[in-house]
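What follows is each chain in one-letter form.
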Amino acid sequence: MATTEECRAALEKLSDNMQDAEGDVRAAAELDRSVSCHITDLDVTFAGRMADGRIDVRETLEGPPREKADIRLAMTGDDLVALVGGELNFARAWGSGRVRLEAGLRDLFRLRKLL
């Protein structure tokens, strides 16, 4: 089982990957939205902001998100690490329910290029 530190490191790597992206992926990463990522098996939520092509994690909270972020992710720690490491396909994980992504319709269309 992935630790809180490994999950935070995975989010940092995702943020670095987003910043280095080009074209349509870079455009999707340019959203300015609040973000939460609930790690279900650890019952920890990383909350912050996606802006300027990066994810800035501002808080690590015990339990589920306290506020409804514009973009909300939920998954196990192992799945987060596997997604960022390229070992788990996002579309398959989302389709099977292993990963939950909630956002406004316009954001979902832009995020599909990123994820």
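Since the structure is predicted, the reported quantities are computational estimates derived from the model, not experimental observations. Per chain, the residues get numbers from 1 upward, laid out in the order the sequence is written. Residues qualify for local features only when their pLDDT is at least 70, as the model is predicted, and side-chain atom pairs are given and counted only at 80 or more; totals for whole chains, interfaces and linings, by contrast, use all residues. As a rule here, side-chain values come from all non-hydrogen atoms in the structure, and water together with hydrogens is ignored.

A.B. asks: Help me out: how do you make sense of the overall build of the protein chain in this one?
C.D. replies: In terms of helices and strands, the protein chain carries 5 helices and 5 strands. For the purposes of this entry, the term helix denotes a DSSP run of H or I that reaches at least four residues, the term strand denotes a run of E that reaches at least two, and both are numbered from the N terminus. The N-to-C order of helical and strand elements in the protein chain reads α-α-β-β-β-β-α-α-β-α. In terms of C-alpha radius of gyration, the protein chain reaches 13 Å, essentially the compact-globule figure of 13 Å for 115 residues. Its C-alpha atoms give the protein chain principal-axis dimensions of roughly 35 × 30 × 25 Å. Whether a residue is buried, partly exposed or exposed follows from its accessible area with a 1.4 Å probe, protein chains only, as a fraction of its type maximum: under 20%, in between, or over 50%, in that order. Counting the 115 residues in the protein chain, one finds 42% classified as buried. Each radius of gyration is computed over the set of C-alpha atoms, and the globule rule expresses the reference value as 2.2 Å times the number of residues to the power 0.38.

A.B. asks: Which parts of the structure should I look at to understand the sheet that holds strand β4 (residues 71-75)?
C.D. replies: Sheet strands pair by backbone hydrogen bonding; their relative direction is either parallel or antiparallel. For two strands to pair, DSSP has to find at least two bridges joining them. The strand order β3-β2-β1-β4-β5 describes an open sheet built from 5 strands, whose pairing is mixed. Edge positions in the open sheet fall to β3 (54-62) and β5 (100-102), since each of these has one partner strand only. Adjacent strand axes in the sheet meet at a mean angle of 15° when their direction is disregarded. Across the sheet, helix α1 (residues 4-20) touches β1 (33-39), β2 (44-51) and β3, and the angle it forms with β3 is around 160°. Throughout, a residue-residue contact means that at least one pair of heavy atoms, one from each residue, lies within 4.5 Å. To obtain an axis, a line is fitted to C-alpha atoms, over the contacting stretch when the element is a helix, and the angle between two such axes runs from 0 to 180 degrees between their N-to-C directions. Along the sheet face, helix α3 (residues 77-84) touches β1 and β4 and points at about 110° away from the line of β4.

A.B. asks: Which parts of the structure should I look at to understand the pattern of salt bridges?
C.D. replies: Pairing is possible between side chains of opposite charge, provided their charged atoms come close. Think of a salt bridge as a Lys or Arg side-chain nitrogen and an Asp or Glu carboxyl oxygen that are within 4 Å of each other. Taken as a whole, this structure holds 7 salt bridges when the rule is applied. Taken together, the shared-partner salt bridges in this structure form one network comprising E12, D16 and R54.

A.B. asks: Sorry, what's going on with empty space enclosed by the protein here?
C.D. replies: A probe matching the size of a water molecule, rolled over the atoms, marks out where space remains unfilled. The way it works is a 1 Å grid over only the protein atoms, where trapped points that fit a 1.4 Å probe form a cavity and open points with protein on both sides within 12 Å along at least five of seven lines form a pocket, and then any residue with an atom within 4 Å of a point lines it. Grid points are joined across faces, edges and corners, and a volume is the space filled by probe spheres set on the points. Per the stated rule, a full pass over the model turns up 2 cavities of 30 Å³ or more. Taken as a whole, the second largest cavity holds about 60 Å³ of empty space. If you go around the second largest cavity, the residues you meet are L11, V35, S36, C37, F46, A47, G48, R49, I55, D56, V57 and L73. Of all the secondary-structure elements, those providing two or more residues to the lining of the second largest cavity are β1, β2 and β3. Top element by residues in the lining of the second largest cavity is β2. It accounts for 4 residues. Charged residues are taken to be Asp, Glu, Lys and Arg, nonpolar residues to be Ala, Val, Leu, Ile, Met, Phe, Trp, Tyr, Cys and Pro, and polar residues to be all remaining types, Gly included. The residue inventory of the lining of the second largest cavity, partitioned by class, reads 8 nonpolar, 2 polar and 2 charged.

A.B. asks: Just checking my understanding: could you explain unusual backbone geometry for this structure?
C.D. replies: Backbone phi values are negative for most residues with the exception of glycine, while trans is the configuration of most peptide bonds. Its identity is not glycine, yet D43 carries a phi of approximately 50°, on the positive side. Along the chain, D43 falls in the loop between β1 and β2. Here D43 falls in the partly exposed class, since its relative accessible area comes to 36%. For D52, which is not glycine, the phi dihedral falls at a positive 55°. Judged by its relative accessible area of 62%, D52 is exposed.

A.B. asks: Help me understand α1, please; the structure alone is not making it clear to me.
C.D. replies: Since the α-helix packs 3.6 residues into each turn, any two residues three or four apart lie on the same face. For a helix, the expected span equals 1.5 Å multiplied by the number of residues minus one. Compared with the 24 Å implied by 1.5 Å per residue over 17 residues, the 25 Å span of α1 between its first and last C-alpha is a close match. For α1, the set of buried residues is C7, A10, L11, S15 and M18. Burial along α1 is one-sided: seen end-on, the buried residues are contained in an arc of 140°. Away from its buried face, by an angle of more than 90 degrees, α1 presents the exposed residues E5 and D20. Directions are taken from the helix axis to each C-beta atom, and the arc is the one they span.

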